[in-house]
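Residue strings, one per chain:
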Amino acid sequence: MRLRQALPSRAVAMSTKAHWERLYENTAPEKLGWYEPHLQTSLGWIRELGLDSSAPIIDVGGGASTLVDDLRQASYSAVTVVDLSAKALALAKARLGERADAVTWLEGDITAMDLPAGYYALWHDRAVFHCLTHPDAAPVCSGLPVRRYGADELKGEMGSELELERHVREVHRTPAGVAQSYLYCLFGREG
């Protein structure tokens, strides 16, 4: 399975990678605008799905996020974390210590990776999809351009094989106290 390529060139992807490497080299994860000690909305929805503990879960752009910690704590045994930044992945691995060995870590551009079709029972993305845009878009996130989506727009991007089951808007307070609007969407495969 391959995501539709939304970035215009490999050069942009390389400069984007360099951006994220610098960001994680110079900023502690808990100081980043999207940081939360526990992703309560995501965790709650994952629990409600009632997935078997062996169900394969992929966290796209998971980097230094703590979701992997909470998924492993909840006994999910087939967790994959993908991120463009080797530094972000290294921070998460260091935080997990020996528990990191039970996680599959993939460094790379999700839009260029070949993943097994139909393998993952759950695809989690808290803040990557809005970065899959052309560089002239605005506003920005961490100095990079993003595209804002509503639930209906995301449904259109997902295509006909995924059904929007629910969505909710949430105000996230950054570590600096700034309010940011987040849109959580749960898509399920039809049939």
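Rules used in this analysis
- Every residue gets a number counted from 1 within its own chain, in the order that chain's sequence is written.
- The predicted origin of the model limits local features to residues at a pLDDT of at least 70 and limits the giving and counting of side-chain atom pairs to 80 or more, whereas totals for whole chains, interfaces and linings rest on all residues.
- To obtain the side-chain values, all non-hydrogen atoms of the structure were used and water was disregarded.
- Runs of H or I in DSSP of at least four residues are treated as helices and runs of E of at least two as strands, each being numbered from the N terminus.
- Throughout, exposure labels follow a simple rule: accessible area from a 1.4 Å probe, protein chains only, divided by the maximum for the residue type, with under 20% read as buried, over 50% as exposed, and the rest as partly exposed.
- What makes two residues a contact is simply this: any of their non-hydrogen atoms within 4.5 Å.
- Residues adjacent in sequence count toward polar contacts only when both atoms are side-chain atoms; beyond that, a polar contact is any pair of N or O atoms within 3.5 Å, and within protein one must be able to donate a hydrogen and the other to accept it.
- Strands were regarded as paired on the criterion that DSSP finds at least two bridges between them.

(A) Focus on the environment of histidine 124. With respect to the helices and strands, histidine 124 occurs in strand E4 (residues 122-124). Residue classification places histidine 124 among the buried residues on the basis of a relative accessible area of 9%. Put simply, histidine 124 and isoleucine 57 are 67 residues apart on the chain and 7.5 Å apart in space, counted from C-alpha to C-alpha. Once residues within four sequence positions are removed from consideration, histidine 124 is found in contact with Leu39, Ser42, Ile58, Asp59, Val60 and Leu67.

(B) Main features of the side chain of histidine 172. Summarising the element assignment, histidine 172 is placed in strand E7 (residues 162-173). For histidine 172, a relative accessible area of 3% translates into the label buried. Among the polar contacts made by the side chain of histidine 172, one reaches the main-chain carbonyl oxygen of glycine 33 at a distance of 2.7 Å. Contact partners of histidine 172, with chain neighbours within four places excluded, come to Gly33, Trp34, Tyr35, Glu36, Arg126, Val178, Ala179, Gln180 and Tyr182.

(C) Here's a closer look at the pairing of strand E8 (residues 179-189). Of the pairings in the sheet, the one linking E7 to E8 comprises eleven bridges and is antiparallel in character. Directly across from glutamate 170, in E8, lies its bridge partner tyrosine 182. Following E7, the chain reverses through five residues before pairing antiparallel with E8; glycine 177 in that reversal takes a positive phi of roughly 90 degrees.

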